[in-house]
Amino acid sequence: HETNSYQPLLAAAGMVAIAMLICRAGHPRASSFLFLFTMILIQTSLLSLGKGIHDTSMMAYAVVLMGASLTLGTRSFIVIVAASILSLGLVIYGEINNLWTSPLSIYTNWLDFAYLSLILILAAFIARLLANNMFASLRRARENQRILSQMNLQLEEHSQKTRRAEARWLIVLLAVSLV
């Protein structure tokens, strides 16, 4: 809601457009990484323009971590987690050293960094566990689908054999009944 937040949001829109072009070019992971990294940068700038770490938009870090856990590999995910923590540290550093003014910066100290970093690490860990569980479930579902497809083919073959056998027996019965 800050009037000076338009420039970072416009920059974010431009970066999202670039990320979309990268995705359309066939690089979805690179696109996801760029998008999530942009979200961290924008979040950092918006927090520095607003209420700092006392702003409810701090939850955006958790959203970024959720997105990263679902779209990125392990190394890229770790980079996003580290970037989130560094971003958080930058916001706290700016508040403590009065690099930007926040109405609640008098309450900010380095212990907040420790607490919030721990929360981000736990959120990242939970997000990654949930994502891994979801991917494992998808793999099991695909394997079950493959098995069911094989079973359906076997049932169809068995059904065709049964129909052919019935047809042969019907021919035999008709031949016997004509005699």
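A brief report on the enclosed structure follows. These numbers come from a predicted model, not from an experiment.

Digging into helix α3 (residues 59-71)
Over its 13 residues, α3 runs 19 Å from end to end, which matches the ideal 18 Å to within 8%, given 1.5 Å per residue. Among all positions in α3, only Tyr61, Val64, Leu65, Ala68 and Ser69 are buried. Buried residues along α3 cover an arc of 135° about the axis, so they all sit on one side. In α3, those exposed residues whose orientation departs by more than 90 degrees from the buried face are Met59 and Val63.

What about a nonpolar patch on the surface?
On the surface, Met66, Leu118, Leu122, Phe125, Ile126, Leu129 and Leu130 cluster together into a nonpolar patch covering about 690 Å² of accessible area. For the nonpolar patch, the leading source of residues is helix α5 (residues 110-178), giving six residues. Among the secondary structure elements, Leu129 is positioned in helix α5. Under the relative-accessibility criterion, Leu129 is labelled partly exposed at 46%.

Quick word on helix α4 (residues 74-96)
The end-to-end C-alpha separation of α4 is 33 Å, in line with the 33 Å expected for 23 residues at 1.5 Å each. Two residues or fewer past α4, Asn98 is found with a positive phi of approximately 55°.

Concerning the packing of aromatic side chains
In this structure the tally under the stated criterion is three aromatic pairs. Summarising the aromatic geometry, the rings of Phe33 and Phe37 are spaced 6.0 Å apart at their centres and angled 15° between planes, so their arrangement reads as stacked. Of this pair, Phe33 and Phe37 both sit in helix α2 (residues 28-49), separated by four residues, roughly a single helical turn. Judged by its relative accessible area of 31%, Phe37 falls in the partly exposed class. Aromatic pair Tyr93 and Trp110: ring centres 6.5 Å apart, planes at 45°, arrangement tilted. Here Tyr93 is found in helix α4, whereas its partner Trp110 is found in helix α5, with 17 residues between them in sequence. An aromatic cluster is defined as three or more aromatic residues linked by ring pairs; in this entry it consists of Tyr93, Trp110 and Phe113.

Here we look at the pattern of salt bridges
As enumerated under the stated definition, the model contains two salt bridges in all. Where Arg146 meets Glu143, a salt bridge forms, and the shortest distance between an N and an O atom there is 2.3 Å. Of this pair, Arg146 and Glu143 both sit in helix α5, three residues apart, which is roughly one turn of the helix. On the basis of relative accessible area, Glu143 is assigned to the partly exposed category, the value being 34%. The partner of Arg163 in a salt bridge is Glu156, and the shortest N-O contact between them spans 3.7 Å. A residue is classified by how much of its surface remains accessible, and Arg163, at 46% relative accessible area, is partly exposed. On the basis of relative accessible area, Glu156 is assigned to the partly exposed category, the value being 40%.

The rules behind the values
- Residues numbered from 1 in each chain as written.
- Predicted model: local features only at pLDDT ≥ 70, side-chain atom pairs only at ≥ 80, totals over all residues.
- Heavy atoms only, no water.
- Helix = DSSP H or I, 4+ residues; strand = E, 2+ residues; numbered from the N terminus.
- Expected span 1.5 Å × (residues − 1).
- Buried < 20%, exposed > 50% of the residue type's maximum accessible area, 1.4 Å probe, protein only.
- Arc of directions from axis to C-beta.
- Patch = residues over 30% accessible without salt bridge, like charges linked within 9 Å, V, L, I, M, F, W, Y side chains within 5 Å.
- Areas by Shrake-Rupley, 256 points an atom, 1.4 Å probe, with all protein chains shown as cover.
- Salt bridge = Lys/Arg side-chain N within 4 Å of Asp/Glu carboxyl O.
- Phe/Tyr/Trp six-rings, centres within 6.5 Å; stacked < 30°, edge-to-face > 60°.

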